[in-house]
Amino acid sequence: MIGNPVNYNKKYVGNSPLWSNSSLDNNLKRYLMLLNGKNILDLGIGEGQNSIILSQLGYKVTGVDYSKKALDICKKNCSNIELVEKDIRDFDIPSNKYDLIMSRCVLHFLHKSDIYAIIKNIKNNIKANGLVYISVFSTNDPGLKFKHNSPDFDALENNVFHNISDNTYSSYFSKDEILDLFSGFNTVLISDEYSIDLSHGTPHYHGIIKYIGEKI
Ligand SMILES: C[S@@+](CC[C@H](N)C(=O)[O-])C[C@H]1O[C@@H](n2cnc3c(N)ncnc32)[C@H](O)[C@@H]1O
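I will try to describe carefully the structure that is included in this document. Please read all numbers here as calculations on a predicted model, not as lab measurements.

**Here we look at the overall build of the protein chain**
So, point 1. Helix and strand content of the protein chain: 6 helices and 10 strands.
So, point 2. The globule rule puts the C-alpha radius of gyration for 216 residues at 17 Å, and the 17 Å found for the protein chain is close to it.
So, point 3. For the C-alpha atoms alone, the extent of the protein chain along its principal axes is close to 50 × 40 × 30 Å.
So, point 4. Within the span of the protein chain, comprising 216 residues, buried residues form 37% of the whole.
So, point 5. Long-range pairs, those at least 24 residues apart, make up 66% of the contacts in the protein chain between residues at least 6 apart in sequence.

This is the structure in structure tokens:
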């Protein structure tokens, strides 16, 4: 493992949701019908923005997160989710258990070598015909340009940045890179979007790649 996990504890304040949008992610809504079973793993579950709704719909969700605060908020709002307080880099995914493994807006907080190991873990252990859903910052994200110009970050190869003050890493991806990482999977969705994010804080832009793939 390279560097520290990002510390989200300071971002989750009290019991108020960090993200105002508590409806189910449109892409999940659209493709839930492809699931062959009810077992879902959410890597970096946060407050359970999507997993709580999935649990209420009858899915059996396991969520992993490093932030105790996030897990406490999630637990308070839904007691049916199995929660694991852990760095996702240390989580061994049980073999052939999950019909959907998702990780929304989490993996880009890591060094690419750790991300590759997690993706390998997902690919090896998800059930046959299981779905993977990930979203990560794209190379169009304004954060990349900012970090290139900031003395607080070291720019490493392959669009990886090191935050010198807290020894965390962040990574940015192209669409082709993601498709390559999920080679052997059937692509259900790949999108590369640049849009204003109104879900938290002041309006700001993000470049985000979303990928859904099926193990064949
Ligand atoms: C932007 S939030 C996304 C939460 C959730 N996936 C969603 O879509 O609403 C990122 C979450 O990932 C968690 N996280 C980041 N790095 C992690 C790591 N290495 N291990 C476990 N959790 C991590 C943070 O604590 C935070 O709750």
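**What about the environment of S103?**
So, point 1. With respect to the secondary-structure elements, S103 resides in strand β4 (residues 100–104).
So, point 2. With 23 C-beta atoms counted inside 10 Å, the residue S103 sits in the buried group.
So, point 3. Put simply, S103 and M1 are 102 residues apart on the chain and 18 Å apart in space, counted from C-alpha to C-alpha.
So, point 4. Not counting chain neighbours up to four residues away, the residues in contact with S103 comprise L43, G44 and I134.

**Overview of the site of the ligand**
So, point 1. Among the 21 residues in the neighbourhood of the ligand, the closest are listed as Y8, G44, G46, Y66 and R104.
So, point 2. Across the shell around the ligand, the residue classes break down as 12 nonpolar, 5 polar and 4 charged.

**A closer look at the nonpolar core**
So, point 1. Residues C74, L100, I101, L107, V132, Y133 and I134 are the most contacted members of the largest nonpolar core, which totals 48 residues.
So, point 2. In terms of residue count, the dominant contributor to this core is strand β5 (residues 131–137) (6 residues).

**Considerations on the sheet that holds strand β2 (residues 60–65)**
Within a sheet, adjacent strands bond to each other through the backbone by hydrogen bonds, running parallel or antiparallel.
So, point 1. Judged by pairing direction, the sheet is mixed, and its 7 strands sit side by side in the order β3-β2-β1-β4-β5-β10-β9 without closing on themselves. At either end of the open sheet lies a strand with only one pairing partner, and these are β3 (82–85) and β9 (185–197). Neighbour-to-neighbour, the strand axes of this sheet turn through a mean angle of 15°, independent of strand direction.
So, point 2. Two elements, β5 and strand β10 (residues 204–215), share 7 bridges in a ladder whose sense is antiparallel. Residue F137 lies in a different strand from β10, and its bridge partner there is I208.

**Digging into the pairing of β9**
So, point 1. Bridge count between β9 and β10: 12 bridges; the pairing is antiparallel. Bridging from a neighbouring strand, I190 pairs with Y211 of β10.
So, point 2. Joining the antiparallel neighbours β9 and β10 is a turn of 6 residues, in which G201 adopts a positive phi near 65°.

**Observations concerning the environment of N36**
So, point 1. One can find N36 in the loop between α1 (26–31) and β1 (39–43).
So, point 2. Given 13 C-beta atoms within 10 Å, N36 falls into the partly exposed group.
So, point 3. Along the chain, N36 and S67 lie 31 residues apart, while their C-alpha atoms are 30 Å from each other.
So, point 4. With residues near it in sequence (within four places) discarded, N36 still touches D99 and N129.

The rules behind these values
Residues numbered from 1 in each chain as written. Predicted model: local features only at pLDDT ≥ 70, side-chain atom pairs only at ≥ 80, totals over all residues. Helix = DSSP H or I, 4+ residues; strand = E, 2+ residues; numbered from the N terminus. Rg over C-alpha atoms; globule rule 2.2 N^0.38 Å. Buried ≥ 20, exposed ≤ 12 C-beta atoms within 10 Å, placed from the backbone. Contact = placed C-beta atoms within 7 Å. Near = placed C-beta within 6 Å. Nonpolar A, V, L, I, M, F, W, Y, C, P; charged D, E, K, R; others polar. Core = buried A, V, L, I, M, F, W, Y, C linked by C-beta atoms within 7 Å. Pairing = 2+ DSSP bridges. Axes fitted to C-alpha atoms, helices over the stretch in contact; angles between N-to-C directions.

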